[in-house]
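# A closer look at the structure
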Amino acid sequence: MGTINEDDGWISADDYDGDIPFLSDEENRMRAVARQAKEDSANDSIGVCPCCGTKVVEKDMAYFCDNMDCSFAIWKDNKFFQAIGKEMTKDIAEEFLNCGTVKLMGCKSRKTGKTFNCYVDITYDDEGRVQYEIRFPERKFRRE
């Protein structure tokens, strides 16, 4: 039987840094940048999809379920939030996914122009379409 040569030209998995010996330094650097971007996007989860339990990630136009078979999405540009003078932010989307409701301050009515505070609840149907429902805080009446 032969002896085990410590330096047989093979790289162990623990020592592999992702560089390929026959590629140029520039090509290896570009591959490293692409790997890092892929890892970063995989860790961008803002919450768990209420439909299927997969992670929800931020994309250009919406916060989508990472499961390709699920159609759950919270759109960034939506008419409901435009109607109350707000925009869908990452913080609001995270709050929806974690709690199902968000408290919004300083919303503005399109009809009257007045500002108000409200709670917005998120629900979804069987096909993963998001629906919003507005609730108002209970008023405290003054005693006369």
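In this numbering scheme, every chain counts its residues from 1 along its sequence in written order. Selection of residues for local features in this predicted model requires a pLDDT of at least 70, selection of side-chain atom pairs for listing and counting requires 80 or more, and totals for whole chains, interfaces and linings are taken over all residues. Remark: hydrogens and water are excluded; side-chain values derive from all non-hydrogen atoms of the structure.

### Here's the deal with the pattern of salt bridges
How we decide: We define a salt bridge as a contact between a side-chain nitrogen of Lys or Arg and a carboxyl oxygen of Asp or Glu at a distance within 4 Å. In this description a helix means any DSSP run of H or I spanning at least four residues, a strand means any run of E spanning at least two, and both kinds are numbered starting from the N terminus. Exposure categories follow from relative accessible area, calculated using a 1.4 Å probe and restricted to protein chains: below 20% of the type maximum is buried, above 50% is exposed, and the middle band is partly exposed.
Evaluated as defined, the whole model comprises six salt bridges. Residue lysine 55 pairs with aspartate 66 through a salt bridge whose shortest N-O separation is 4.0 Å. One end of the pair, lysine 55, is in strand β2 (residues 55–58); the other, aspartate 66, is in the loop between β3 (62–65) and β4 (73–75), and eleven residues separate them in sequence. Judged by relative accessible area, which is 36%, aspartate 66 ranks as partly exposed. Across the pair aspartate 125 and arginine 129 runs a salt bridge, and its minimum N-O distance is 2.8 Å. The class for aspartate 125 is buried, based on a relative accessible area of 18%. Look at the salt bridges and you will find they share partners, linking Glu58, Lys76 and Lys90 into a network.

### Side note on the confidence of the model for the protein chain
So the rule is basically this: pLDDT measures how confident the predictor is about each residue, on a scale from 0 to 100.
In the predicted model, the protein chain carries a mean pLDDT of 80, and 76% of its residues have values of at least 70. The lowest-confidence element of the protein chain is helix α1 (residues 25–42), averaging 69 in pLDDT; the highest-confidence one is β4, averaging 92.

### Structural notes on the pairing of strand β1 (residues 45–48)
Convention followed: What makes two strands pair is DSSP finding at least two bridges between them.
Where β1 and β2 come together, three bridges link them in antiparallel fashion. Of the residues in β2, the one forming a bridge with valine 48 is lysine 55. Connecting β1 to the antiparallel partner β2 that follows it, the hairpin turn spans six residues, and glycine 53 within it adopts a positive phi of roughly 85°.

### Overview of the nonpolar core
Where we set the bar: Side-chain atoms within 4.5 Å are what join buried Ala, Val, Leu, Ile, Met, Phe, Trp, Tyr and Cys residues into a set we call a nonpolar core.
Ranked by size, the top nonpolar core spans 21 residues in total, and within it Phe72, Ile74, Met88, Phe96 and Leu104 carry the most contacts. Counting only elements with at least two residues in this core, the list comes to β3, α3 (90–99), β5 (101–108) and β6 (115–124). When residues in this core are grouped by element, the largest group, four residues, is from α3.

### Let's talk about the sheet that holds β6
The condition is simple: Here the axes come from fitting lines to C-alpha atoms, over the contacting stretch only for helices, and the angles between their N-to-C directions go from 0 to 180 degrees.
Pairing is antiparallel in the open sheet, where three strands are placed in the order β5-β6-β7. The open sheet has two free edges, formed respectively by β5 and β7 (130–135), since each of these has just one partner strand. Across the sheet, the mean angle separating the axes of adjacent strands is 35° when strand polarity is ignored. Judged from the six bridges that link them, β5 and β6 form a sheet pairing that is antiparallel. Within β6, the residue paired with threonine 101 across the bridge is aspartate 121.

### Thoughts on the environment of lysine 59
Stated formally: In this analysis, two residues are considered to be in contact whenever any of their non-hydrogen atoms come within 4.5 Å of each other.
Following the sequence through the fold, lysine 59 ends up in the loop between β2 and β3. Here lysine 59 falls in the partly exposed class, since its relative accessible area comes to 44%. Along the sequence, lysine 59 and tryptophan 75 sit 16 residues apart, while their C-alpha atoms lie 9.7 Å from each other. Not counting the four nearest positions on each side in its chain, lysine 59 is found in contact with Phe64 and Lys76.

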